[in-house]
Structure formats: structure tokens, C-alpha cells
Amino acid sequence: STLSFVLGTRPEIIKLSPVIRACQRRDVSFSIVHTGQHYSEELDSVFFEQLDLPTPDYNLAVGSSSHGEQTGKMIAEVESVLESERPNVVIVQGDTNSVLAGTIAATKMEGIEVGHVEAGLRSFDRDMPEEINRRVSDHAADHLFAPTDTSRDQLRQEGLPDEWITVTGNTIVDAVQQNVEIAHERSSVLSELNLDERFALLTAHRAENVDDRERFERLLDSVAQAADEHDLSVVYPIHPRAEKQISEFGIDVPDSIQLVDPQDFLDFLVLEDEATIVFTDSGGVQEESCILRTPCVTLRNNTERPETVDVGANLVVGVDPGDVADGVHEMLMKKRNWENPFGDGTAADRILDTLEYE
Ligand code: UD1
Ligand code: UDP
């Protein structure tokens, strides 16, 4: 095939779906190599079905383990698949271990170029595994698809040549535009979860938040307190990593937080669109709430999506109760009329145009 997509986690499936669809529209031959980093149905196959994507040609079934073991296995397995596939270009998206592995395997192979979608994001926090993954991938890739001018400028500052960089917008805008109306038509999540007219949506799964017992407890307490003050119930579709930590630590989740299973994309879009406010440590959720004009409070000390803060859609507050409460207060006063900084929903086409697959 001409292109190979190497992907492995929920956000990669969602954010590459518009690019895969664009390939189908343009009759560009492609293959999908799934690393198997995510394998639970609710983090994986549910998105292939709902987004109507072809079943991966390869599933490497690498599964969960330490960073080194997981990444190492993926590099070896991706290399052997690419030996037989021999694509011209390998496309990766984002900052996960699957991205790092796909990039390292492909970039050293003769005749294969790497295109990194969502290039140039930086949290400037080198304790995050994602920050290492995105820095290494950007510097090893051949085509850098930066979502915004900010990310392009960052790549330039790091000395990467202009000819390698294209500002495309973020493919999440394409994905939201392609799915949000269908979501409202088809989803009955609001009644299924018995949600009031006003509710808050919470997601938290990042290692630095949920792998530290004290910090995770503080995060949950801060969200519950702030929500209580504004008479909001909280719905928390829980990522398996966070679920595991709650049971391992024996954390008592505050009553006002309703834990539910991870949601499929259409249900989740409706929750984001209808929520009074979003609490999150997710990258994709910061972007989507900005695009859907739902105020967002980010439960982290930094963000690699400063555009959301600059347009007034997001505040980065950490996990301390006073800061979370202040953030909620400020965001609820805002007019929901900020601009979407992530492009016009044609990122996938721009990516294929750049690669000259007309
Ligand atoms: C990974 C990414 C993170 C991304 C997230 C998207 C890295 C370093 N991290 O984090 O950047 O935001 O995906 O959701 O690549 N588990 C399951 N079922 C699964 C997958 C995982 O139960 O299908 C559980 C396992 O207990 C596993 C844990 O979740 O040990 C963590 O999984 P892992 O893939 O290591 O990282 P994520 O937290 O999912
Ligand atoms: N998402 C979803 N169901 C959920 C939670 C998130 O479909 O229950 C989607 C969300 O719409 C976004 C993506 O998953 O597109 C974000 O993935 P995640 O938060 O796991 O990873 P991150 O973006 O932080 O890397």
C-alpha cells in the first residue's frame, strides 16, 4: 500500500479517522497497523465500528506493560510488518508510545517516510511520557503536520526546516464536524445516564494525576466541592487506568461524582456539548470542549494546548480545591463565543494534499 497508519489508542483512532476517510474518498491505497496498546472494546473496537473504519490489517496485540517493554515490542513488530508492507509513508498521530514506536521503526527503513500528525505540541514538562514521545517523534519524522501557527513556530524554534512543516489545523475539528450532528440524532446518553439539565463532565486518566494516590484524591475532592457550590452533578466516564487506581488505592469517590463506563464517541460528544462545564486532564477533551464552546477547567499544571487558554475557552488550574473553585467561577461567567483556534475541519485533506495524494 501507499500509506500505512500506525495507531494504538483511543485518541489516535478518533483523530486519524478523518484522514483514513479522506484516503478512501481519494482512492489512496492504505493499510492500518494497530499496535494493540489499547485493546479493551470500549477503548478500541467501539470506535472502529462507530466511525465506520476498516478493520486493521494487522493487530500487533502488544498490550499493557512498562514503557520500555511496550515500546520495544512495538518497534520490533511494526518493523516486521513494514518490511512486508513497504509503504511510501507511515502516518502517526499524537504523543503515545505507539507514535514513538511507529516513528522509530519506520524512519530508519529505506524508502519509508514518516508523517507526524499533531506535530509541535509542547507542555515543556519533561516528566510526562507524552512530552518525550512528541519531542522524539517530531525530530525523527519527515513531514510535520502542525495544527496551529503556535505549534509551527515551536518546531521552527527547535531548528526543524520550514519545508518539512505544514499548518493543517487539527484533525479533531474534522472529526467533530463529521460526527456532532449524527451524535445528537442518535445518542440517548443524557436520559440513559439520568442527567439533569445542568451537569459537569469529568475525565481524568493522566499518569501524573491518577498514579499518585494523594493527588488523585485531591483532584476528585476539588471537583466535587466546586461542582457542589454550583449545584452541579458530575459524570465521570472512567478510563481503565483510573478505575484500576481507584480500586488499588481504595479511594472513596465523593457522592456527587457518578462513575460510568468509558463512552463511545457519539455519546461522549453529546456529553461534552451539553455539559455546563468540563473538568479534564485529557488533551483531546480540552480541544473538543473549545470547539464545542463548552467552558473547560484543566486539572493539570500545564498544557500543550495553550491556544484553548488564549481564546478564553480553558483555564489550567491544577488540582487544589481553591484553584479549581476559582477556575470554575471564572469560566462560568464567560460568554461562550470564543473562536476555534484549531482550523476549519479540512486538516485531513491538507495532509493528503501535502503528501501529493490528489
Ligand atoms: C495512553 C497514552 C496517553 C493517552 C491515553 C489515551 C502513553 C504513554 N500514554 O495512556 O498519552 O492519553 O493512552 O487514552 O502512550 N488498560 C486497559 N485496557 C486497555 C488499555 C489499557 O484496561 O485497552 C489499562 C491497563 O491496566 C494499563 C493501563 O490501562 O496498564 C494504562 O494503559 P497504557 O496504554 O499504558 O496507558 P494509558 O493510560 O491508556
Ligand atoms: N473519548 C470518548 N469517550 C470517553 C472519553 C473520551 O470517546 O469516555 C474521546 C474524546 O472525545 C477524545 C478522545 O477520546 O476525542 C480523548 O482521548 P483521551 O482522553 O483518552 O486521550 P488524550 O487526548 O488525553 O491523549
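Just above, that's the structure.
Computed from a predicted structure; not experimentally measured.

## Some remarks on the packing of aromatic side chains
Taken as a whole and assessed by the stated rule, the structure comprises 1 aromatic pair. Both rings, one in phenylalanine 5 and one in phenylalanine 30, keep their centres 5.9 Å apart while their planes meet at 80°; by these two values the pair is edge-to-face. Pair noted here: phenylalanine 5 is in strand β1 (residues 3–7) and phenylalanine 30 is in strand β2 (residues 30–34), with a separation of 25 residues, a long-range link. The exposure class assigned to phenylalanine 5 is buried, which follows from its relative accessible area of 0%.

## Quick notes on the sheet that holds β2
Strand order in the open sheet made by the 7 strands is β3-β2-β1-β4-β5-β6-β7, with parallel pairing throughout. In the strand order of this sheet, the two ends are held by β3 (58–59) and β7 (165–167), each with one partner. Here 3 bridges tie strand β5 (residues 113–117) to strand β6 (residues 143–146), and the two strands are oriented parallel to one another. Looking at the pairing, glycine 115 lines up with histidine 143 of β6. Helix α1 (residues 10–26) contacts β1, β2, β4 (89–93) and β5 of the sheet and is inclined by roughly 165° relative to β1. Set on the sheet, helix α4 (residues 97–107) makes contact with β1, β4 and β5; between it and β4 the angle comes to about 160°.

## Some points on the side chain of asparagine 302
Relative to the elements of secondary structure, asparagine 302 occurs in the loop between β12 (296–298) and α14 (306–310). Relative accessible area serves as the criterion here: at 17%, asparagine 302 is assigned to the buried category. For asparagine 302, the side chain forms a polar contact with the side chain of aspartate 125, separated by 3.1 Å. Ignoring any residue separated from it by four or fewer positions in sequence, one finds asparagine 302 in contact with Ser123, Asp125, Met128 and Val316.

What counts as what
- Residues numbered from 1 in each chain as written.
- Chains lettered and ligands numbered in written order.
- Predicted model: local features only at pLDDT ≥ 70, side-chain atom pairs only at ≥ 80, totals over all residues.
- Heavy atoms only, no water.
- Phe/Tyr/Trp six-rings, centres within 6.5 Å; stacked < 30°, edge-to-face > 60°.
- Helix = DSSP H or I, 4+ residues; strand = E, 2+ residues; numbered from the N terminus.
- Buried < 20%, exposed > 50% of the residue type's maximum accessible area, 1.4 Å probe, protein only.
- Pairing = 2+ DSSP bridges.
- Contact = heavy atoms within 4.5 Å.
- Axes fitted to C-alpha atoms, helices over the stretch in contact; angles between N-to-C directions.
- Polar contact = N/O pair within 3.5 Å; in protein donor to acceptor, adjacent residues only side chain to side chain.

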